[in-house]
Amino acid sequence: NLQVRNDDQTWGLVDEILASFNLGYSNTVDGMDVEKMPNFNENLAFVREGKDLTMERRGLITASDTLFLKVSNTVAGTYRLTFDPDNIYASAPAFLEDLYQRIATPISLDKHTKVDFSVTADPASQNPARFRVVFGSSKLMTAALTYLQLQAEVSPNPVKGSRINVRLINQPQG
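Quick caveat, the model's predicted, so the values are computed rather than measured. (Residues numbered from 1 in each chain as written. Predicted model: local features only at pLDDT ≥ 70, side-chain atom pairs only at ≥ 80, totals over all residues. Heavy atoms only, no water.)

A. Up close: the pattern of salt bridges. Scanning all chains against the criterion turns up 8 salt bridges. Between aspartate 98 and arginine 130 there is a salt bridge whose closest N-O contact spans 2.9 Å. Highlighted residues: aspartate 98 in strand E9 (residues 94-98) and arginine 130 in the loop between strand E11 (113-119) and strand E12 (131-135), separated in sequence by 32 residues. Comparing aspartate 98 with arginine 130, the two get one shared label, buried. When salt bridges that share partners are traced, they join Arg48, Glu56, Arg58 and Asp65 into one network. (Salt bridge = Lys/Arg side-chain N within 4 Å of Asp/Glu carboxyl O. Helix = DSSP H or I, 4+ residues; strand = E, 2+ residues; numbered from the N terminus. Buried < 20%, exposed > 50% of the residue type's maximum accessible area, 1.4 Å probe, protein only.)

Right, dumping it as structure tokens:
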């Protein structure tokens, strides 16, 4: 689901999509999938074979599967993607990749997951292909874990003036 944060700090639903997995479903677009009818404002869709889908039915999840999301017609503000799994059986973990922020967020396959993100004046933050769900491992996962384990020294301490020095400790090159 795609939600937007309102001025009163509540969340409003703006669009929904559904992915369904079954041994009898095809991984190519067919009559079991439903094409997206666009909204006037924000839109959320799956993209497969050049088509925007509101419902994508696929074979059983494998460790190399990807669901390509399209988030379009956004404006500057705070949004939330929510994932509500129901009877999903997968041996591979799932991650939401944010290609703008270059981070991967784990998605639970048995509990509700919320992922907030911002759209700014930067056109890249509004890229409709910014997000995808990957199963198995994420190439961005290592960067996300390294970021969470970041160790740094800041000097001078306390900071004086408008300049600081940051030294990263024990970080891999790259």
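B. Molecular detail of unusual backbone geometry. In the Ramachandran plot, asparagine 87 falls in the positive-phi region, its phi being about 55° despite a non-glycine side chain. Tracing the chain through its elements places asparagine 87 in the loop between strand E8 (77-83) and E9. Positive phi outside glycine occurs at arginine 102, with the angle close to 60°. As for its placement among the helices and strands, arginine 102 is situated in the loop between E9 and strand E10 (103-107).

C. Spatial organisation of the sheet that holds E8. Across the sheet, which stays open at both edges, the 4 strands sit in the order E2-E1-E8-E11 with antiparallel pairing between neighbours. Two strands close off the open sheet at either side, each with one partner strand: strand E2 (11-15) and E11. Averaged over neighbouring strand pairs, the angle between their axes works out to 30° when direction is ignored. One ladder, built from 4 bridges, connects strand E1 (residues 2-5) with E2; its direction is antiparallel. When the bridges of E2 are listed, leucine 2 appears paired with aspartate 15. (Pairing = 2+ DSSP bridges. Axes fitted to C-alpha atoms, helices over the stretch in contact; angles between N-to-C directions.)

D. Region of the structure containing the packing of aromatic side chains. Scanning all chains against the criterion turns up 3 aromatic pairs. Feature note: the residues Tyr79, Phe117 and Phe131 constitute an aromatic cluster, connected by ring pairs. Looking at arginine 80, its charged tip hangs above the ring of tryptophan 11, at a distance of 3.9 Å from the centre. (Phe/Tyr/Trp six-rings, centres within 6.5 Å; stacked < 30°, edge-to-face > 60°. Lys NZ or Arg CZ within 6 Å of the ring centre and 35° of its normal.)

E. The confidence of the model for the chain, seen in detail. The pLDDT averaged across the chain works out to 88; a share of 83% of its residues lies at or above 70. Considering only residues more than four positions removed or in separate chains, one finds that residues 142-147, a stretch of pLDDT under 50, has 4 contacts. (pLDDT = per-residue confidence, 0-100. Contact = heavy atoms within 4.5 Å.)

F. Seen up close, the environment of asparagine 73. As for its placement among the helices and strands, asparagine 73 is situated in the loop between strand E7 (66-72) and E8. Take asparagine 73: its relative accessible area is 43%, and that puts it in the partly exposed class. For the pair asparagine 73 and glutamine 126, spaced 53 residues apart in the sequence, the C-alpha separation amounts to 7.9 Å. Within the local environment of asparagine 73, its side chain forms a polar contact with the backbone oxygen of asparagine 41, the two atoms lying 3.0 Å apart. (Polar contact = N/O pair within 3.5 Å; in protein donor to acceptor, adjacent residues only side chain to side chain.)

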